[in-house]
Amino acid sequence: NIVLTQSPATLSVTPGESVSLSCRASQSISTSIHWYQQKSNESPRLLIKYASQSISGIPSRFSGSGSGTDFTLSINRVESEDFSIYYCQQSYSSLYTFGSGTKLEIK
Amino acid sequence: QVQLQQSGAELAKPGSSVKISCKASGYTFTSYDISWIKQTTGQGLEYIGYINTGSGGTYYNEKFKGKATLTVDKSSSTAFMQLSSLTPEDTAVYYCARDQLGWFAYWGQGTLVTVSS
């Protein structure tokens, strides 16, 4: 199975700061990584597909980068509604796997 | 608009089975596979498998073979997941999601399954 390791587990920031969240794969997965946001008691919401492709309706402050084993989700100037948990997910193998998540919290 | 409406919360006894439904609307049901995902506090998000809504063909994560059974009713645009021989470790929120070749833009609202005697 492809293991996705997200870091940090928790990130404490002040609104207006810009942040980068990391997702590392246990083997090369090209750009087959997707990012989701999950707020408390809600379903995950797709933010970015295939490492860097934007999704309609998602604010432009969210962007993704990376290929191979190292991927980054960037949030430019965090807003109050962004405090939630972020997950990466790979579709390189038939057995999709998710990272354990990064919780973005208010400092 | 695309919607996936899941059935309500279930309280089940150990050893029993439950069947969760996921009714799709707003698109051609047989154009996309439906995947199922388990979420627990301890294990995070786990991929269970998917069903091809046109052919009924399935793929299962080895971990869930014998535990989950995926079926579909094309006439009602509904996908189902049956969980059998329930144990407390099956207590979780289960999501269906429209599988768009590996990524999930549309999710159901989740179904909480609680296994307790």
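Everything here concerns the structure above.
Along each chain, residues carry numbers from 1 onward, in the same order as the chain's sequence is written. Chains and ligands are labelled by the order in which they are written, letters from A for the one and numbers from 1 for the other. Only residues with pLDDT of 70 or above have their local features reported here, since the model is predicted, and side-chain atom pairs are shown and tallied only from 80 upward, although totals for entire chains, interfaces and linings are computed over all residues. With hydrogens and water set aside, each side-chain value is computed from the structure's full complement of heavy atoms.

J.: Before we go on, may I ask you to explain the pattern of salt bridges in this structure?
T.: Residue and element names in this part refer to chain A. One side-chain nitrogen of Lys or Arg within 4 Å of one carboxyl oxygen of Asp or Glu is enough to make a salt bridge. Following the criterion strictly, the structure yields 7 salt bridges over all chains and no others. Of the charged contacts in the structure, one is a salt bridge between Arg61 and Glu79, with a shortest N-O distance of 3.5 Å. Here Arg61, found in the loop between strand 6 (53-54) and strand 7 (62-67), pairs with Glu79, found in the loop between strand 8 (70-75) and strand 9 (85-90); they are 18 residues apart in sequence, far enough to count as distant. Each residue is placed in one exposure class: buried if its accessible area under a 1.4 Å probe, protein chains only, is under 20% of its type's maximum, exposed if it is over 50%, and partly exposed if it falls in between. Residue classification places Arg61 among the buried positions, given a relative accessible area of 12%. Residue classification places Glu79 among the partly exposed positions, given a relative accessible area of 38%. Residue Arg61 is joined to Glu81 by a salt bridge in which the shortest nitrogen-to-oxygen separation is 2.9 Å. One end of the pair, Arg61, is in the loop between strand 6 and strand 7; the other, Glu81, is in the loop between strand 8 and strand 9, and 20 residues separate them in sequence. Three or more residues are tied together by salt bridges with common partners; here these are Arg61, Glu79, Glu81 and Asp82. Numbering of helices and strands runs from the N terminus, with a helix taken as a DSSP run of H or I at least four residues long and a strand as a DSSP run of E at least two residues long.

J.: Would you take a moment to explain the nonpolar core for this structure?
T.: Soluble globular proteins: nonpolar side chains tend toward being buried together. By nonpolar core is meant a set of buried Ala, Val, Leu, Ile, Met, Phe, Trp, Tyr and Cys residues that side-chain atoms within 4.5 Å join together. Judged by nonpolar contacts, the single largest core of 39 residues is most densely connected at Ile33, Trp35 and Leu104 of chain A together with Phe104 of chain B. At 4 residues, the largest contribution of residues to this core is made by strand 3 (residues 19-25) of chain A. The contact partners of Ile33 of chain A, leaving out residues within four places of it in the chain, are Leu4, Cys23, Lys49, Tyr50, Ala51, Phe71, Cys88, Gln89 and Gln90 of chain A. Within the second largest apolar cluster, 26 residues are counted, among which are Tyr27, Leu70, Met81 and Cys96 of chain B. Every residue pair with non-hydrogen atoms within 4.5 Å of one another is taken to be in contact.

J.: Would you take a moment to explain the sheet that holds strand 7 of chain A for this structure?
T.: Backbone hydrogen bonds hold the strands of a sheet together, and the pairing may be parallel or antiparallel. Residue and element names in this part refer to chain A. Note on pairing: two strands pair once DSSP finds at least 2 bridges between them. Taking strand neighbours across the sheet as the criterion, the 4 strands line up as 1-3-8-7 in an open arrangement whose pairing is antiparallel. The two strands at the open ends of the sheet, each matched to only one other strand, are strand 1 (4-7) and strand 7. Adjacent strand axes in the sheet meet at a mean angle of 20 degrees, parallel and antiparallel pairs treated alike. Where strand 1 and strand 3 come together, 4 bridges link them in antiparallel fashion. When the bridges of strand 3 are listed, Thr5 appears paired with Arg24. Each axis is a line fitted through C-alpha atoms, and for a helix only the stretch in contact is used; angles between axes span 0 to 180 degrees, taken between their N-to-C directions.

J.: Looking at this structure, how should I read the state of the cysteines?
T.: Covalent bonding between the sulfur atoms of two cysteines defines a disulfide. Residues and elements named next belong to chain A. To count as a disulfide, a pair of cysteine sulfur atoms needs to be within 2.5 Å. Counted according to the given criterion, the structure contains 2 disulfides over all chains. Here Cys23 engages in a disulfide with Cys88; their sulfurs sit 2.1 Å apart. Residues Cys23 and Cys88 are joined through a disulfide that is right-handed, its torsion about the S-S bond being 75 degrees. Residue Cys23 is located in strand 3, and its partner Cys88 is located in strand 9; the two are separated by 65 residues in the primary sequence. Both residues of the pair, Cys23 and Cys88, count as buried.

J.: Any chance you could explain the packing of aromatic side chains here in plain terms?
T.: Two aromatic rings are characterised by how far apart their centres lie and by the angle between their planes. Any two of the Phe, Tyr and Trp rings considered here, Trp counted by its six-membered ring, make a pair once their centres fall within 6.5 Å; the pair's planes then place it as stacked at under 30 degrees, edge-to-face at over 60, or tilted in between. In this structure the tally under the stated criterion is 10 aromatic pairs over all chains. Note on Tyr36 of chain A and Trp107 of chain B: the rings are 5.7 Å apart at their centroids and 80 degrees apart in plane angle, and the pair reads as edge-to-face. Of this pair, Tyr36 of chain A sits in strand 4 (residues 33-38) while Trp107 of chain B sits in strand 10 (residues 104-107), each in a different chain. Tyr36 of chain A sits in the buried class, given a relative accessible area of 1%. Taking the centre distance of 5.8 Å and the plane angle of 20 degrees together, the rings of Tyr50 of chain B and Tyr59 of chain B count as stacked. A network of ring pairs unites the aromatic residues Tyr36, Tyr96 and Phe98 of chain A together with Tyr47, Tyr95, Phe104 and Trp107 of chain B as a single cluster. Only Lys NZ and Arg CZ are tested; either one counts as a charge over a ring when it is within 6 Å of the ring centre and within 35 degrees of the ring normal. The ring centre of Tyr27 of chain B lies 4.6 Å from the NZ or CZ of Arg98 of chain B, which sits over that ring.

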